[in-house]
Structures are given as structure tokens and as C-alpha cells.
Amino acid sequence: MDLITIAFYFFSALTIVFGAVVVFTKNIMHAAFSLLFAFFGIAGLYVLLSADFLAITQIMIYIGGILVLIIFGVMLTTRITGVDVKTGKIGKIQIGIAGLLTVLIAATLIMIFSTSKWYLADSKPLDSTVNEIGTALLTNYLLAFEAASMLLLIAIVGAAFIARKKH
Amino acid sequence: MNETLYYSLVIAGVLITLLTIAAGNIYIERRLLSVWQDRLGPNRVGPFGLLQVVADIIKIFTKEDWIPRFADRVVFVLAPAIILITILITFAIIPFSPDIVVADLNIGLLFFLGLSSLGAYSLVLGGWASNNKYSLLGAMRGAAQMLSYEVFMGLSLMGVVMMTGSFSMVDIVEAQKNVWFVIPQFAGFVIFLIAGLAESHRIPFDIPESESELIAGFHSEYSGMKFGMFFVGEYLAITLISALVTTLFFGGWLGPDFLPPLAWFTIKVFAFIAFIILLRAALPRPRYDQLLGFGWKILLPLSLINILVTGAILLSK
């Protein structure tokens, strides 16, 4: 096994193990904390795919932004208001439906995995993808780019409006 | 020389030098602060009091390392390590001289921004795991402060990136051969310095700690070497900010030929460390809402205007 294969299994294991902790832990703060390592594993997988920009964006946005906000929210609710936020118990019907869906999705994935042909790309030396992504976003995919930025702007204005309403 | 051996030496050298500088900073800060406050500072242990740091290190290593019974053990232990590790990793992208750089990444600058956002976890998780109201308040202030100032920090650097056309730190230094970026990017430099101070939560922006109101904030419950890690992390953070300001705005290792590149880099970095210590001696702590208001209402528009103007000038060329 070469170094890249070892790294692949390491990052995959990291993602899956901590993803499992997120799902199964009772303590919601521990779930948020484990999500940090799961995101890290995914960033590592992006690096192995020669997607350096995507990897660092994953860290900046998901770990540096969104997850901090989640932890912030959980912290505010549990410790200050004294409400104990735990993942609740689920009923039998929910477990049945969830189990059925899980089996369905898993079966589909396994079927796709075993029937499709997997082509191995030649591993190229790691080249910076920043230039290409920037050019692509501002030429061929300009409409999608602008639409996404409009969506974010609307979200910001909406959030500010909701936050100000009480005063 | 064998390439692997060379890189191993560089990595080991950078690591040892950094930890020494972090310890040395404590001495420098105490002596400089005393000068500015008209007193002597530590001057008894060893020549000029130089061994005071050694004595402090021995003391902090042998202190009782107490974990409160009401704390969340795992998170409590992990939190101080996070800040130390992220800052040490970030030094990998700093070019100390043309030959001494651990990793010249294509996305070097983004790598720094990504890792600096991780520093917030150390505060938040440390404060939360302590299970103490004051620590929690400190942690929340820290999270809000670091999340906000991360934004301006990233935006203030985009002018430099646009002028260089690359995220690589070595390219950025080499693009400053004719003129240091501090002149065309002065606004970027000021915003970056302020944001950097806020990110490393130094006085005047030590609002997560503010001992007079929050009793040391997020690290009230920490003792022994875990507290030491927060402490060393802070000194490494000011070294990192100084090194980054030097690299991005003051030409890194560039300088007249009579001194080697490494010497120029070191001189510039220590000048900024001294400047940051002077700020601590000179400025009072702003109120919490003042800090965030200043960020969002002044620094954010300024950095956006900076990007716009830089872009317009680059396009018209």
C-alpha cells in the first residue's frame, strides 16, 4: 500500500467514525464537536483528489463558519437558559420508516457501486485549481454564481430583519 | 543534500525556533512593559533576568494540573491543544528566507485563513467544557469576536492577492521586489493588523478574557500546563501575526544585501512584536459592542472599498 492509499483509508475512517459519533451520541455538544473531525476527514479526501481549493474552502466555510455557529447556538441554549438539550427518544414507527429508507438507500448505493465501471484517472501532480475555478465561475457559470450570491444576500437581509423586529 | 533530510531539518528547526521565540516573547514583553511603565521588570534570575522564563517554565510544568469535577473531561483536555496545534501548523506556509519554507503551497494564504478560523474552537470549547458561567460568557464573546474579525481579515488580504495574482506566500514576497505592499495596500495593512490582534485576542482586544469583569474568561478553570498552552498559544499567535504582516506587507525576507535574508525577516518580525507589546502598554480595552460595531460598521466597508479600488486600478492598467 502506498502512502496515498493509507491516507485515503485514514481520512475515510476519520469521517465515518466521527460521523457515527454525531449520529449516536446523546450529548448534542459532543455531536457538534465530532462533526468538526468528520468535516476534517472530508477536507482530507478533497486534498487526495487534487482539489486543494475545495479542501480549504471546506475548512473555512464548514468548520470555520457554520460549525462555530452551530456550537454557538447550542451553547446559548443549554448552559444559560438551563434547558437540557439532548437528542430525544424516537418511537417505533419512526425507527421502522428510517430503517426501511436506510436499507433502500444502502441497496441503491451498493448496486451502483458494483455495476458501474470505475475508471482510474492518471494521478497528475498537484496543480493549483484556484485559477481554473475562478475563470469558470465568472464565464461559463456566471448565472449560477450570481444567483447564489443573490440568494445569500436575501438570506442576510432576512436574518437582519428578523433580528431587528423586536425593537 | 538529500531532500527528505533537508525538509526534516527545516521542520525541526522551525518548530524549535518557534517554541524558543514564544518563550522569549514572554521575557521581552515583561521587560518592555516595565520600561514603558517606568519600573524594572524581572531582573534577578540570571543575567538581565533572562533565566526568569526558564524558572517560570519549570514552575508551570510542576504545578498541579487540576480538572474540575463538573467539567467535560475530554473536551476540557482537548481545547488548549487545538490553539497550539493550529498556530504551529500555520507557520508551515511562512517563508523565513528563500530556502527556508516548510511548504510553499499554491493556496498558502487560504491555508492560513482556514486554520485561523479553527482557533475559535479552542476558546469556545474550553469555555464551554469548564462549566462555569464566567468561562461561558468569555467563550461566547470570543466566538463572536473571532467569527466577525475573520471576515475582515480575509477581505483585507484580497488586495495583496489581486496584486500578486497568486495565493502562494513565496510569490507574494517576490512580487514586492519593487515596492512593498504596505504602500499600495495601506488600508489592507491597517485592517489586517487590527483583525490579527482581535483574532489572537491580545490586549486591547482581550475581551474573551477581560480579567476585571470575567475573571480570566474562558480559561478561569485551567491550571498547570493546560493554562500554559493557552498562554504559549497567545505568544505564538502574536509571532504569527507579526510574521504574516512582514511577509504580506513588508517584503518578507527582502532587504538590502548587507544582511542575509533571514536576518531581515527576523528584524521585521521582532519590530512588529515590539509594536504589538507597545499597543498592550498603551491602549485600554474597548467595550464588547464597541469592538463588534467597529468591525462591522467601519472595517467591513473599508475593506470592501479597498478591494473595489484595487480591482479598478488593476483593470485600468
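Residues numbered from 1 in each chain as written. Chains lettered and ligands numbered in written order. Predicted model: local features only at pLDDT ≥ 70, side-chain atom pairs only at ≥ 80, totals over all residues. Heavy atoms only, no water.

Caption draft 1: Structural context of the overall build of chain A. On a plain count of helices and strands, chain A comes out with six helices and zero strands. Counting over 167 residues, chain A shows a buried share of 19%. Across chain A, the fraction of contacts at a sequence separation of at least 24, relative to all contacts at a separation of at least 6, is 57%. For chain A, the exposed area adds up to about 12,500 Å²; of that, 76% sits on carbon and sulfur atoms. (Helix = DSSP H or I, 4+ residues; strand = E, 2+ residues; numbered from the N terminus. Buried < 20%, exposed > 50% of the residue type's maximum accessible area, 1.4 Å probe, protein only. Contact = heavy atoms within 4.5 Å. Areas by Shrake-Rupley, 256 points an atom, 1.4 Å probe, with all protein chains shown as cover.)

Caption draft 2: Quick peek at the interface of chain A and chain B. Contacts between chain A and chain B engage 28 residues on the former and 25 residues on the latter. Both faces combined, the contact of chain A with chain B buries some 2,400 Å², and carbon together with sulfur accounts for 79% of it. Counting across the interface, chain A meets chain B through zero salt bridges. Elements represented by at least two residues in the side of chain A that touches chain B include exactly α2 (28-48) and α3 (52-80) of chain A. The leading source of residues in the side of chain A that touches chain B is α3 of chain A, at 18 residues. A breakdown of the residues in the side of chain A that touches chain B according to their chemical character gives 19 nonpolar, six polar and three charged. (Buried area = accessible area lost by both parts, 1.4 Å probe. Salt bridge = Lys/Arg side-chain N within 4 Å of Asp/Glu carboxyl O. Nonpolar A, V, L, I, M, F, W, Y, C, P; charged D, E, K, R; others polar.)

Caption draft 3: Broad picture of a nonpolar patch on the surface. On the surface, a nonpolar cluster with roughly 630 Å² of combined accessible area is contributed by I93, I97, L101, L104, I105 and L109 of chain A. One can find L104 of chain A in helix α4 (residues 92-115). (Patch = residues over 30% accessible without salt bridge, like charges linked within 9 Å, V, L, I, M, F, W, Y side chains within 5 Å.)

Caption draft 4: Highlighting helix α10 (residues 224-249) of chain B. Residue and element names in this part refer to chain B. Taking 1.5 Å per residue, 26 residues should reach 38 Å; α10 reaches 38 Å between its end C-alpha atoms and fits that length. Most of α10 sits inside the fold, with 21 of its 26 residues counted as buried. Looking one or two residues past α10, G251 carries a phi angle of roughly 70 degrees, positive in sign. (Expected span 1.5 Å × (residues − 1).)

Caption draft 5: Here's a closer look at the pattern of salt bridges. All names here are of chain B. All chains considered together, the criterion is met by three salt bridges over all chains. Here R280 ties to E29 by a salt bridge, and the two come within 3.1 Å at their closest N and O atoms. Of this pair, R280 sits in helix α11 (residues 261-282) while E29 sits in helix α1 (residues 3-36), placing them 251 residues apart in sequence. Take R280: its relative accessible area is 29%, and that puts it in the partly exposed class. Residues R30 and D56 are paired through a salt bridge, measuring 3.3 Å at the closest nitrogen-oxygen approach. Of the two residues, R30 sits in helix α1 while D56 sits in helix α2 (residues 52-62), which places them 26 residues apart along the sequence. Its relative accessible area of 35% is what places R30 among the partly exposed residues.

Caption draft 6: Region of interest: the packing of α1 of chain B against α11 of chain B. Residue and element names in this part refer to chain B. Look at α1 against α11: their axes get within 10 Å of each other, and the N-to-C directions meet at 50 degrees. Classed by the angle they form, the pair α1 and α11 counts as oblique. Relative to α11, α1 is oriented so that their crossing is right-handed. In contact with I21, N25, I28, E29, L32, L33 and W36 of α1, α11 contributes F270, I273, A274, I277, L278, R280 and A281. Here the contact of α1 with α11 is built from residues that sort into eleven nonpolar, one polar and two charged. (Axes fitted to C-alpha atoms, helices over the stretch in contact; angles between N-to-C directions. Parallel < 35°, antiparallel > 145°, perpendicular 65-115°, else oblique. Left-handed = near helix turned anticlockwise from the far one by under 90°.)

Caption draft 7: Examining the environment of E209 of chain B more closely. Residues and elements named next belong to chain B. With respect to the secondary-structure elements, E209 resides in the loop between α8 (186-199) and α9 (211-214). The class of E209 is buried, set by a relative accessible area of 11%. Residues E209 and R30, spaced 179 residues apart in sequence, show a C-alpha to C-alpha distance of 19 Å.

Caption draft 8: Expanded view of the nonpolar core. Core analysis: the biggest nonpolar cluster contains 103 residues, and F112, Y121, L248 and F249 of chain B have the highest contact counts within it. Contacts of F112 of chain B, omitting those with residues within four sequence positions, involve T90, I93, M153, L157, F192, L240 and L244 of chain B. (Core = buried A, V, L, I, M, F, W, Y, C linked by side-chain atoms within 4.5 Å.)

Caption draft 9: Summary view of the environment of P47 of chain B. Relative to the assigned elements, P47 of chain B resides in the loop between α1 and α2. The spacing of P47 of chain B and L300 of chain B is 253 residues in sequence and 47 Å in space, taken between C-alpha atoms.

Caption draft 10: Fine view of the packing of aromatic side chains. Residue and element names in this part refer to chain A. By the definition in use, this model includes 18 aromatic pairs over all chains. Consider the rings of F33 and F37, whose centres lie 5.6 Å apart with planes at 65 degrees: the pair is edge-to-face. In this pair, F33 and F37 both sit in helix α2, four residues apart, roughly one turn of the helix. Relative accessible area serves as the criterion here: at 7%, F33 is assigned to the buried category. A residue is classified by how much of its surface remains accessible, and F37, at 25% relative accessible area, is partly exposed. (Phe/Tyr/Trp six-rings, centres within 6.5 Å; stacked < 30°, edge-to-face > 60°.)

Caption draft 11: Geometry of the side chain of S34 of chain A. Here S34 of chain A shows up in helix α2. Its relative accessible area of 7% is what places S34 of chain A among the buried residues.

Caption draft 12: Spotlight on unusual backbone geometry. Residue D38 of chain B is not a glycine yet carries a positive backbone phi of 65 degrees. If you trace the backbone, D38 of chain B turns up in the loop between α1 and α2.

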